[in-house]
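Fold and geometry: a report
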Amino acid sequence: MKKRIVLSLLLLANSCEAGFRMEDGSLVGAGDNIDQLYDHWGKESQRLVTEKTCNRIIALKREYCSTRRLIWQRDGRYMLVQVSGRMIIKTGWTRSQRELKAAF
């Protein structure tokens, strides 16, 4: 019974954390350097200028905003990465090409 509770808490904690799980098991998310994604996925498929998107990076205790979005196309999905300088400020994904510029 205790094992199930611990496992459930671990799964819940993992699902609440935003980011992308890489093939080697590492997690890349808000606050990380964009070079980590370039190392795993290579050059992005598209670069877009979008609506202003902001996100608070808890570890840095500051809010960052950006209008620059990088998009990788993988496994039938568009992986969306909002960046400020070399730092990832927000991640998301969609299957719809029409929603690439929409705020997330």
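Below: a short report on this structure. (Residues numbered from 1 in each chain as written. Predicted model: local features only at pLDDT ≥ 70, side-chain atom pairs only at ≥ 80, totals over all residues. Heavy atoms only, no water.)

1. A short note on the side chain of T50
Here T50 lies in strand β3 (residues 46-57). Judged by its relative accessible area of 10%, T50 is buried. Within the structure, T50 has its side chain in polar contact with the side chain of Q82 (distance 3.3 Å). In contact with T50, not counting residues within four places along its chain, are T67, R69, Q82, L100 and K101. (Helix = DSSP H or I, 4+ residues; strand = E, 2+ residues; numbered from the N terminus. Buried < 20%, exposed > 50% of the residue type's maximum accessible area, 1.4 Å probe, protein only. Polar contact = N/O pair within 3.5 Å; in protein donor to acceptor, adjacent residues only side chain to side chain. Contact = heavy atoms within 4.5 Å.)

2. Quick look at the sheet that holds strand β6 (residues 87-94)
Ordered by their spatial adjacency, four strands build an open sheet running β3-β4-β5-β6, and the pairing between neighbours is antiparallel. Since the sheet does not close on itself, it has two edges, and those belong to β3 and β6, each with one partner. Pairwise comparison of adjacent strand axes, ignoring direction, gives a mean angle of 30 degrees for this sheet. Where strand β4 (residues 62-74) meets strand β5 (residues 77-84), seven bridges bridge the pair, whose relative direction is antiparallel. Within the sheet, the bridge partner assigned to R69 lies in β5 and is Q82. (Pairing = 2+ DSSP bridges. Axes fitted to C-alpha atoms, helices over the stretch in contact; angles between N-to-C directions.)

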